[in-house]
Amino acid sequence: MKIWASEHIFNHPWETVTKAAMQKYPNPMNPSVFGVDVLDRSVDTEGRLHSTRLLSTEWGLPALAKSMFGVTRTCTYVQEHSVVDPKQQTFELQSTNISFTNLVSVDEKLTYKPHPQDPEKTVLTQEALISVKGVSLSNHLEGLMAKTISVNASKGREAMEWVIRRLNTEIEELTATARGTMRSPMAAAVADK
Amino acid sequence: MSLSPTGLEQQVGPPGFAPLSFLSRAVFFFPEMNSVGEACTELKREYDTCFNRWFAEKFLKGDRSGDPCTESFRKYQRCVQAAIKEKEIPIDGVDFMGPNKDKPES
């Protein structure tokens, strides 16, 4: 079993980061994600939004892994459950693979919160638990996977910055074209920044 | 229309230069994701547009007024649940009102 954890600070307020995280795909840094579906969504009695999503990914497994595990299809599915608490300003996501569960288990947890000292910044804490089953090279493979997760995490952060830039660009264009005929609170908030 | 990863990369350039054709699309003209069920992609995008707007403008601002997306969600769900059954995707049971569930072992 391997545990990987990291913390990252975005120079954007929590609301911006949360909107971006909700619309993270597609982005050029994660081209293997080809489908995102919402399976369930609701607001609980405390005003928190719960979402269950299915992420469909196509990896292009290296030939060695294919011959080792005897799989020919490379489509893997991840199920994600998330909770947005707009009062506490937390966005927590937990995901797990639901494909190849007999071979490997990758559980990931991400939490976005405002930076305790600076409300214009957001802290992302991220952890992953990796477990490879029934293979004698499990330590080595788990190490490789942790490295991949680390690389992907940094791509994921790049992806978030990309999504945030897109959101801000859209808002600027909307404001310019609408010229006050359309009142958008979000555009006003960004323009005031 | 979804954009290829290459197409998206080309647009990660100077801000404010997105092609004007985007203006003719829905208000939040974001590059869009597909559904796992190919036939459901359009329904999914309709729902996503509604949801993203409600999420940003109401929910995150503390506005607890009704969710305007229930109808589009229902239509999208019918389609996607059928696609999941058809592709035999091993979805885990949903307990959305409860505490975060533990991840199951295989």
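Residues numbered from 1 in each chain as written. Chains lettered and ligands numbered in written order. Predicted model: local features only at pLDDT ≥ 70, side-chain atom pairs only at ≥ 80, totals over all residues. Heavy atoms only, no water.

**Focus on the overall build of chain B**
- If you tally the helices and strands in chain B, you get 3 helices and 0 strands.
- When the elements of chain B are put in sequence order from the N terminus, they spell out α-α-α.
- By residue count, 36% of the 106 residues in chain B fall in the buried class.
- A fraction of 45% describes how many contacts in chain B between residues 6 or more apart in sequence connect residues 24 or more apart.
- Accessible area of chain B: about 6,300 Å², with a carbon and sulfur share of 54%. (Helix = DSSP H or I, 4+ residues; strand = E, 2+ residues; numbered from the N terminus. Buried < 20%, exposed > 50% of the residue type's maximum accessible area, 1.4 Å probe, protein only. Contact = heavy atoms within 4.5 Å. Areas by Shrake-Rupley, 256 points an atom, 1.4 Å probe, with all protein chains shown as cover.)

**Details of the pattern of salt bridges**
- According to the stated counting rule, one finds 9 salt bridges over all chains in the structure shown.
- Close ionic contact of A:Arg53 with A:Glu80 constitutes a salt bridge, the shortest N to O distance being 2.9 Å. Here the residue A:Arg53 occupies a position in strand E3 (residues 49-58), and A:Glu80 occupies one in strand E4 (residues 75-85), the gap between them amounting to 27 residues. Each member of the pair A:Arg53 and A:Glu80 is classed as buried.
- For B:Lys87, the salt bridge is made with B:Glu38, and the minimal N-O distance between the two is 3.5 Å. Note that B:Lys87 is positioned in helix H3 (residues 70-87) and B:Glu38 in the loop between helix H1 (5-11) and helix H2 (41-57), a separation of 49 residues in sequence.
- With relative accessibility at 61%, the residue B:Glu38 sits in the exposed group. (Salt bridge = Lys/Arg side-chain N within 4 Å of Asp/Glu carboxyl O.)

**Focus: the packing of H2(B) against H3(B)**
Residue and element names in this part refer to chain B.
- It is the contact of H2 with H3, at a shortest axis distance of 9 Å, that shows an interaxial angle of 145°. Crossing hand, H2 versus H3: left-handed. For the pair H2 and H3, contact is made by Leu43, Lys44, Tyr47 and Cys50 and by Ser72, Phe73, Lys75, Tyr76 and Cys79, respectively. (Axes fitted to C-alpha atoms, helices over the stretch in contact; angles between N-to-C directions. Left-handed = near helix turned anticlockwise from the far one by under 90°.)

**Side note on the state of the cysteines**
Residues and elements named next belong to chain B.
- In this structure the tally under the stated criterion is 2 disulfides over all chains.
- The disulfide partner of Cys40 is Cys79, and the S-S distance across this bridge is 2.1 Å. Between Cys40 and Cys79 the sulfur-sulfur dihedral comes to about -85°; the bridge is accordingly left-handed. Linking Cys40 in the loop between H1 and H2 with Cys79 in helix H3, this pair joins segments that are 39 residues apart in sequence. In this structure, Cys40 and Cys79 share a single accessibility class: buried.
- Note on cysteine connectivity: Cys50 is disulfide-linked to Cys69, with sulfurs 2.1 Å apart. (Disulfide = S-S within 2.5 Å.)

**Examining the environment of A:Asn139**
Residue and element names in this part refer to chain A.
- Positionally, Asn139 belongs in helix H3 (residues 138-178).
- A relative accessible area of 62% places Asn139 in the exposed class.
- The spatial distance from the C-alpha of Asn139 to the C-alpha of Ser82 is 30 Å, given a sequence separation of 57 residues.

**Considerations on the nonpolar core**
- Residues A:Leu49, A:Leu54, A:Val84, A:Phe91, A:Tyr112 and B:Phe55 are the most contacted members of the largest nonpolar core, which totals 40 residues.
- Here this core takes 6 residues from H3(A), the largest share from any one element.
- The residues touching A:Phe91, leaving out its near neighbours within four places in the chain, are A:Trp14, A:Thr18, A:Ala21, A:Met22, A:Ser82, A:Val83, A:Val84, A:Leu110, A:Thr111 and A:Tyr112.
- Counting 12 residues, the second-largest nonpolar core is a separate cluster that includes A:Phe100, A:Val104, A:Leu141 and A:Ala153. (Core = buried A, V, L, I, M, F, W, Y, C linked by side-chain atoms within 4.5 Å.)

**A closer look at the environment of B:Arg64**
- Note that B:Arg64 resides in the loop between H2 and H3.
- Among the residues examined, B:Arg64 registers a relative accessible area of 55% and is labelled exposed.
- Other than its neighbours up to four places away in sequence, B:Arg64 contacts A:Thr45, A:Glu46, A:Gly47 and A:Lys87.

**Here we look at the packing of aromatic side chains**
All names here are of chain B.
- Enumeration over the complete set of coordinates arrives at 10 aromatic pairs over all chains.
- Taking the centre distance of 4.8 Å and the plane angle of 45° together, the rings of Tyr47 and Phe73 count as tilted. With a gap of 26 residues between them, Tyr47 in helix H2 and Phe73 in helix H3 connect regions that are remote in the sequence.
- Taking the relative accessible area as the measure of exposure, Tyr47 reaches 3% and is therefore buried.
- On the accessibility criterion, Phe73 (15% relative accessible area) is buried. (Phe/Tyr/Trp six-rings, centres within 6.5 Å; stacked < 30°, edge-to-face > 60°.)

Read these as geometric descriptors, not functional statements.
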